[in-house]
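Letter by letter, the chains look like this.
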Amino acid sequence: MAPADGRPALEPDTPSRDAAVEVIPLARPVMGEAEERAVADVLRSGRLSLGPRVEEFEHRFAARVGAPLASAVSSGTAGLHLALRAVGVGEADEVVTSPFSFVASANAVLYERARPVFADIDPVTLNLDPEAAAAAVGPRTTALLPVHIFGYPADMPAFERLAEQHGLGIVEDACEALGARHRDGVEVGGRGHPAAFGFYANKQLTTGEGGMLTLSSPEQKQRIDSERNQGRAPDMGWLDHDRLGFNYRLSDIACALGIAQLDRLEAMLAARTRVAGRYREALAGIEGLQLPCADSEGDVRGWFVFVVQLPGGVDRDETVRLLASAGIQSKPYLPAIHLMSLYRERFGHREGEFPVCEEVAARSLALPFFPEMSDGQIARVAEELRAALGL
Ligand SMILES: *Cc1c(COP(=O)(O)O)cnc(C)c1O
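Residues numbered from 1 in each chain as written. Predicted model: local features only at pLDDT ≥ 70, side-chain atom pairs only at ≥ 80, totals over all residues. Heavy atoms only, no water.

## Considering the nonpolar core
Alright, step 1. Counting 28 residues, the largest nonpolar core has F100, L126, I149, F150, Y333, L334 and Y343 as the members making the most contacts within it.
Alright, step 2. Sorting the residues of this core by element identifies α4 (104-111), α11 (341-347) and α12 (355-363) as the ones contributing at least two each.
Alright, step 3. Shared between two domains, this core takes at least three residues from each, and those domains are domain 1 (33-263) and domain 2 (265-388).
Alright, step 4. Not counting residues up to four positions away in its chain, the partners in contact with L126 are F100, I121, I149, F150, Q309 and V360.
Alright, step 5. Counting residues in each nonpolar core, the second largest holds 27 residues, with V30, V188, L205 and L265 among its members. (Core = buried A, V, L, I, M, F, W, Y, C linked by side-chain atoms within 4.5 Å. Buried < 20%, exposed > 50% of the residue type's maximum accessible area, 1.4 Å probe, protein only. Helix = DSSP H or I, 4+ residues; strand = E, 2+ residues; numbered from the N terminus. Domains from an automatic or database assignment. Contact = heavy atoms within 4.5 Å.)

Written out as structure tokens, the structure reads:
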């Protein structure tokens, strides 16, 4: 079954017109003997949680993105939630963020009874537009929550200036952006603000479920580490808790898997970049089809998904059906958050508020994209997409 939450499905779930045709899935993790060994070692050790793999994974991950500190958490969403608390977001506060994101980034704001205030996106990078964000800042705004959507770095220097000007906190949703780098040479996640990464099975690095916060403030890390573990004080035993916390821990099993994945991360990222380049060649020249923006001015994308925008007037649902009947998974990705029923009902959002986001959300289609995708598979997707578009 495809998850109903808008994320790419991981398993083939649509019968193709010819049962002998291999189904090309939207995403597929790279898993090998190293991962099996790492997990088996933890199982044999008897320390399945709160053991040595957690810190090791944190140190290795922080070093990879150039952040001083990191805290492993149970999901990207849990990371966003703890990060918002750590920068001081609370009830009735406003957080300026992107409506073109996976719903988790806005939901995390709601967990604290704060309000996500959306601003429109840049039509090229599809990231939160700094000028629109500036216009959305009001007296109740306490933080900015930019999302590095589809792995393309958000314009952090602009958001840092805006935050400085109004005394705001910054939390980065880097869940799609492992391997991305800003034009000033800093890796996404390495700027010092809490940045959340996610390790769901379709991400650049997976632990099945899981997440990581990178950050620079020891005080913030102490609070996050306490709150992920029921509010336990660092120097106390299990029995005293001086604040409210959650169970957002990541197990040693997951951390061992994450360490094994880090060992092959550069190869996996390079493979994703190769697949994206092949797609560009294979999809060139389809009139009206918009491909993901190229890296510009030194910003480097960390490839997560390959999302195209269909030519105007194309029936996207029909395109998805035609591709599925040819054994190719695809998915409308992403829907605009402000137009989801929860957000419409709670905040009275309607069509027309964020025209760039709405236009992009209406035309976006995620194609199969994973490191081990072969040239033959890419060619088949391109051929069937052309056929589905009547070309
Ligand atoms: C994957 C993702 C998350 C977090 O997902 P989890 O399933 O909680 O790990 C958050 N934001 C974005 C943009 C994502 O793509």
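## Here we look at the layout of surface pockets
Over the atoms rolls a probe the size of a water molecule, and in doing so it shows where empty space is left.
Alright, step 1. Roughly 510 Å³ of volume is contained in the largest pocket.
Alright, step 2. Contributing to the lining of the largest pocket are 22 residues, with E55, E58, K221, D225 and R228 lying nearest its centre.
Alright, step 3. Looking at the lining of the largest pocket element by element, the count peaks at five residues for helix α2 (residues 52-65).
Alright, step 4. Across the lining of the largest pocket, the residue classes tally to ten nonpolar, five polar and seven charged. (1 Å grid on protein atoms, 1.4 Å probe; cavity = no way out; pocket = protein on both sides within 12 Å on 5 of 7 lines; lining within 4 Å. Points joined across faces, edges and corners; volume = space filled by probe spheres on them. Nonpolar A, V, L, I, M, F, W, Y, C, P; charged D, E, K, R; others polar.)

## Brief notes about the sheet that holds strand β5 (residues 169-170)
Alright, step 1. On the basis of which strands lie adjacent, the open sheet formed by four strands has the order β3-β2-β4-β5 and parallel pairing. Across the chains shown, the open sheet's two edge strands, defined by having one partner strand only, are β3 (115-118) and β5.
Alright, step 2. As paired elements, strand β4 (residues 141-145) and β5 share two bridges and run parallel to each other. Within the sheet, the bridge partner assigned to L144 lies in β5 and is I170.
Alright, step 3. Strands in contact with α4 are β2 (94-97), β3 and β4; relative to β3, the strand with the most contacts, it is inclined by about 140°. (Pairing = 2+ DSSP bridges. Axes fitted to C-alpha atoms, helices over the stretch in contact; angles between N-to-C directions.)

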